[in-house]
Structures are given as C-alpha cells and as structure tokens.
Amino acid sequence: LYTANPATDPSARRIPVVKSLTPDIMAMATGETRSGMGSGGMAAKLLAARMAGAAGIALAICDGRVDRPLTHFAEARGGTLFLPPRAARGRKAWRAGRITVDGTLSVDA
C-alpha cells in the first residue's frame, strides 16, 4: 500500500504497517483520493485485510514476483502489514469473519 501510485508519482511512499483501516486508508483503494490511484485489486486486498482483522488475524500484502517473497517482506524491503484491531480465538475468530467457505484447496509442488 502506497501513499500514491508509485508508477506515476516518484514521491509515493510505501506504508509498511497499517494499524487501523480508517476511511482514508480505504479511500486509497477506491480511487476516492486526489491521486485517483485506487484500483479494484487493492480494494479486494483491503477487504481481505478487514475480514482477517475482524477475525483477529494480521494480514500481509507482499510482492510475489520476487524470489523468496516472505523473506523479502520480513526484511522490510516491501509490502504492508495490516494489524488486527483485537485478538480473537477459536470459533469466535472464525465466526468474526462472517464468511462461508465453499470450494476446494489444491496445493502442488
């Protein structure tokens, strides 16, 4: 998450940690800012951060195009960490997300 579109604004700064999904943060993804840098992709990521936060889970957005993206993220070289507003446990954490699960998960090599 950046303060502006880094592809068009050289002064754009990465926001490394988001402690709260404020209306200003949400507006960054919807294009409701002066920069107009919002996109549907970031809006979906912020929705995922809100759902994870409601369940008491932190969420990280990192660059999957680099080698070893989690190491890259952990070394503070890219990405944004969204902290949950509160911790939740067990069944309450699952229910807080207010989502239903339908489908399958497949993991390959």
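Conventions and cut-offs
- Residues numbered from 1 in each chain as written.
- Predicted model: local features only at pLDDT ≥ 70, side-chain atom pairs only at ≥ 80, totals over all residues.
- Heavy atoms only, no water.
- Helix = DSSP H or I, 4+ residues; strand = E, 2+ residues; numbered from the N terminus.
- Polar contact = N/O pair within 3.5 Å; in protein donor to acceptor, adjacent residues only side chain to side chain.
- Contact = heavy atoms within 4.5 Å.
- Salt bridge = Lys/Arg side-chain N within 4 Å of Asp/Glu carboxyl O.
- Buried < 20%, exposed > 50% of the residue type's maximum accessible area, 1.4 Å probe, protein only.

Draft legend 1. Representation of the side chain of threonine 80 in the model. Within the secondary structure layout, threonine 80 lies in strand 3 (residues 80–82). A polar contact is formed between the side chain of threonine 80 and the backbone nitrogen of leucine 1, at a distance of 2.9 Å. From its side chain, threonine 80 meets the backbone oxygen of isoleucine 15 in a polar contact 2.7 Å long. Beyond its immediate stretch of four places on either side in the chain, threonine 80 contacts Leu1, Arg14, Ile15, Pro16, Val18, Leu59, Ala60, Ile61 and Phe73.

Draft legend 2. Molecular detail of the pattern of salt bridges. Here the structure, examined in full by the defined rule, presents one salt bridge. Close ionic contact of arginine 65 with aspartate 63 constitutes a salt bridge, the shortest N to O distance being 3.0 Å. Under the relative-accessibility criterion, arginine 65 is labelled exposed at 76%.

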